[in-house]
Amino acid sequence: MSQKSSLHYYEDGDVILIVQDTAFCLHQNYLSMASKVFRDMFSCATSYMADELHELPRINITDTSSLAFENFLSFIYPQKFVSITWDNIEEFCRIGDKYEFSSVLEAAEKFLESHFHENPLLSLILSDRYYFNIVYKESSKLVLNELQKYRQNSQFLLLSYKTKSAIFERYLDFTISITTIRSLKQRKNFKHHSLCSLTKHDQEINKWYETFFEKYEMLNNTNNNNIMLSPSKSISIIIKCLMEFWSDYINGTWSECDYRFFNDYLAEQFVSHFGNFEPLKNEKSKKDAEHYMFIELKD
């Protein structure tokens, strides 16, 4: 004989759900409105003697614990309330997904959007599994930035093959781009301004590249102490070097052709070489926000 749930056994309930050794007396209309799966399940429920006078439809739930299901009901029932936390979000997502409680998945996604930075790997795993686009992109930034640490975590294996492949591919691409940074000097398809002195300007650009590489290597060597920098730190150094040259334009020392080179051509070349980087979504307004590479969910 199952014991009655102390929280969710309603005297006016009209269906019994049995989870492990606990009986939950619930409301078909309320659950049916929230879940099409439960609505279909109620049509084939067996009978259950709730007490000596009442025989109610019964459904056995065998894929979760009574405590997890009780917490889940406390989240969806208005009389009780349990917040989504790191302790229950995996089970909430699993039950919400299996029984198509869209409101639960939406709440879980909202929680992760605010808290992904506290547990980037689990956030990526859940967003990968349940198609939370924003969380997927944002958490991937932090996982990629410390990939050597996260790939040693046993949970890393819970990521889908598609996501693991995308992470390794993006990280490898960036590693190659850093080691081949000097290839940027081989300019392709750059068109000088019609009034530009081509030979002289080419010499100035070559000199700029050499100065840039020297600054980058000096800052890189100063910062890493023979330890590989994270992608965000490497890009920060590159941005710092570029900003020094931008200050020349602000001071009015750039020609029209300089502007075309630095603002249009070079920006495009750096994105093509290193891939897209951007700050975390909640840090985009910060002046010195770090920039991260990322991956995005694809259909």
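Residues numbered from 1 in each chain as written. Predicted model: local features only at pLDDT ≥ 70, side-chain atom pairs only at ≥ 80, totals over all residues. Heavy atoms only, no water.

The protein chain goes by BTB domain-containing protein in an unreviewed UniProt entry, where it is assigned to Rhizophagus irregularis.

Undergrad: Explanation requested: the overall build of the protein chain in the structure shown.
TA: The number of helices and strands found in the protein chain is 12 helices and five strands. A total of 299 residues make up the protein chain; the buried ones form 44% of that total. The contacts of the protein chain with a sequence gap of at least 6 include a subset with a gap of at least 24, amounting to 60%. Carbon together with sulfur atoms contributes 50% to the accessible area of the protein chain, which is approximately 17000 Å² in total. (Helix = DSSP H or I, 4+ residues; strand = E, 2+ residues; numbered from the N terminus. Buried < 20%, exposed > 50% of the residue type's maximum accessible area, 1.4 Å probe, protein only. Contact = heavy atoms within 4.5 Å. Areas by Shrake-Rupley, 256 points an atom, 1.4 Å probe, with all protein chains shown as cover.)

Undergrad: For this particular structure, what's the right way to read helix H9 (residues 161-179)?
TA: Quick reminder: α-helices carry 3.6 residues per turn. Residues three or four places apart thus point the same way. Its 19 residues give H9 an end-to-end C-alpha distance of 27 Å, which sits within 8% of 27 Å, the value for a rise of 1.5 Å per residue. Among the residues of H9, those classed as buried are Thr163, Lys164, Ile167, Arg170, Tyr171, Phe174, Ser177 and Ile178. Each buried residue of H9 lies within a common arc of 165° when the element is viewed along its axis, so the set occupies one face. Away from the buried face of H9 by more than 90 degrees, exposed residues Tyr161, Lys162, Glu169 and Thr179 are located. (Expected span 1.5 Å × (residues − 1). Arc of directions from axis to C-beta.)

Undergrad: Teacher, can you tell me more about the packing of aromatic side chains here?
TA: Describing an aromatic ring pair means giving the distance of the ring centres and the angle of the ring planes. As enumerated under the stated definition, the model contains 16 aromatic pairs in all. Positioned over the ring face of Phe294 is Lys137, at 4.6 Å from the centre of the ring. (Phe/Tyr/Trp six-rings, centres within 6.5 Å; stacked < 30°, edge-to-face > 60°. Lys NZ or Arg CZ within 6 Å of the ring centre and 35° of its normal.)

Undergrad: Sorry, what's going on with the pattern of salt bridges here?
TA: Any two side chains of opposite charge can pair, on the condition that their charged atoms come close. Per the counting criterion, the structure on display carries 12 salt bridges. As a salt-bridge pair, Lys141 and Glu138 come within 3.0 Å of each other at their nearest N and O atoms. Within this pair, Lys141 and its partner Glu138 are both found in helix H7 (residues 133-145), separated by three residues, close to a single helical turn. The same class applies to Lys141 as to Glu138, namely buried. Between Lys286 and Glu283 there is a salt bridge; the shortest N-O distance is 3.9 Å. Connected via shared salt-bridge partners are Lys137, Glu138, Lys141, Glu278, Lys284 and Glu296. (Salt bridge = Lys/Arg side-chain N within 4 Å of Asp/Glu carboxyl O.)

Undergrad: How do you make sense of the layout of surface pockets when you look at a structure like this?
TA: If a probe the size of a water molecule is rolled over the atoms, the empty space left behind becomes visible. There is about 490 Å³ of room inside the largest pocket. Taken together, 16 residues form the lining of the largest pocket, with Tyr136, Ala166, Ile295, Glu296 and Lys298 sitting closest to its centre. Here the lining of the largest pocket is built from residues that sort into six nonpolar, three polar and seven charged. When its volume is computed, the second largest pocket comes out at roughly 410 Å³. In terms of lining residues, the second largest pocket is bounded by 17 residues, among which Ile239, Leu242, Ala267, Phe270 and Val271 are the most central. Those elements that provide at least two residues to the lining of the second largest pocket are helix H11 (231-250) and helix H12 (256-274). At seven residues, H12 tops the list of elements feeding residues into the lining of the second largest pocket. Here the residues of the lining of the second largest pocket sort into 13 nonpolar, four polar and no charged. (1 Å grid on protein atoms, 1.4 Å probe; cavity = no way out; pocket = protein on both sides within 12 Å on 5 of 7 lines; lining within 4 Å. Points joined across faces, edges and corners; volume = space filled by probe spheres on them. Nonpolar A, V, L, I, M, F, W, Y, C, P; charged D, E, K, R; others polar.)

Undergrad: Can you help me understand the nonpolar core in this one?
TA: General note: in soluble globular proteins, nonpolar side chains tend to be found buried as a group. Formed by 40 residues in total, the largest nonpolar core has its most connected members in Leu17, Leu26, Leu31, Phe38 and Ile76. Residue contacts for Phe38: discarding those within four places in its chain leaves Leu17, Leu31, Ile61, Phe69, Tyr99 and Phe101. Membership of the second largest hydrophobic core comes to 38 residues, among which are Phe174, Phe190, Phe213 and Tyr216. (Core = buried A, V, L, I, M, F, W, Y, C linked by side-chain atoms within 4.5 Å.)

Undergrad: So what exactly am I meant to see when it comes to helix H6 (residues 120-130) here?
TA: In terms of burial, H6 is a largely internal element, 10 of the 11 residues being buried. Where the residues of H6 are buried, they touch helix H4 (89-98), helix H5 (102-115), H7, helix H8 (147-150) and H9. Just past H6, the residue Tyr131 takes up positive phi, approximately 60°.

Undergrad: Which parts of the structure should I look at to understand the packing of helix H3 (residues 66-76) against H4?
TA: The geometry of a pair of packed helices is captured by two quantities: the angle between their axes and the separation between those axes. Two elements in contact, H3 and H4, have axes whose closest approach is 10 Å; the angle formed by their N-to-C orientations is 75°. When the axis of H3 is compared with that of H4, the two are roughly perpendicular. Counted together, Ala68, Phe69, Asn71, Phe72 and Phe75 of H3 and Glu91, Phe92, Ile95 and Gly96 of H4 form the full contact between these two elements. (Axes fitted to C-alpha atoms, helices over the stretch in contact; angles between N-to-C directions. Parallel < 35°, antiparallel > 145°, perpendicular 65-115°, else oblique.)

Undergrad: Explain the pairing of strand E3 (residues 22-26) here, please?
TA: Regular strands show a simple pattern: their side chains alternate between the two faces of the sheet. Among the five residues in E3, five count as buried, and that is most of the element. Of the two faces of E3, the one holding Thr22, Phe24 and Leu26 and the one holding Ala23 and Cys25 are both buried throughout. Where strand E1 (residues 3-9) and E3 come together, three bridges link them in parallel fashion. Residue pairing for E3: Tyr9 is matched across the bridge by Cys25. Sheet topology places strand E2 (residues 15-19) next to E3; five bridges connect them, and they run antiparallel. When the sheet's bridge partners are listed, Val15 is paired in E3 with Leu26. (Pairing = 2+ DSSP bridges.)

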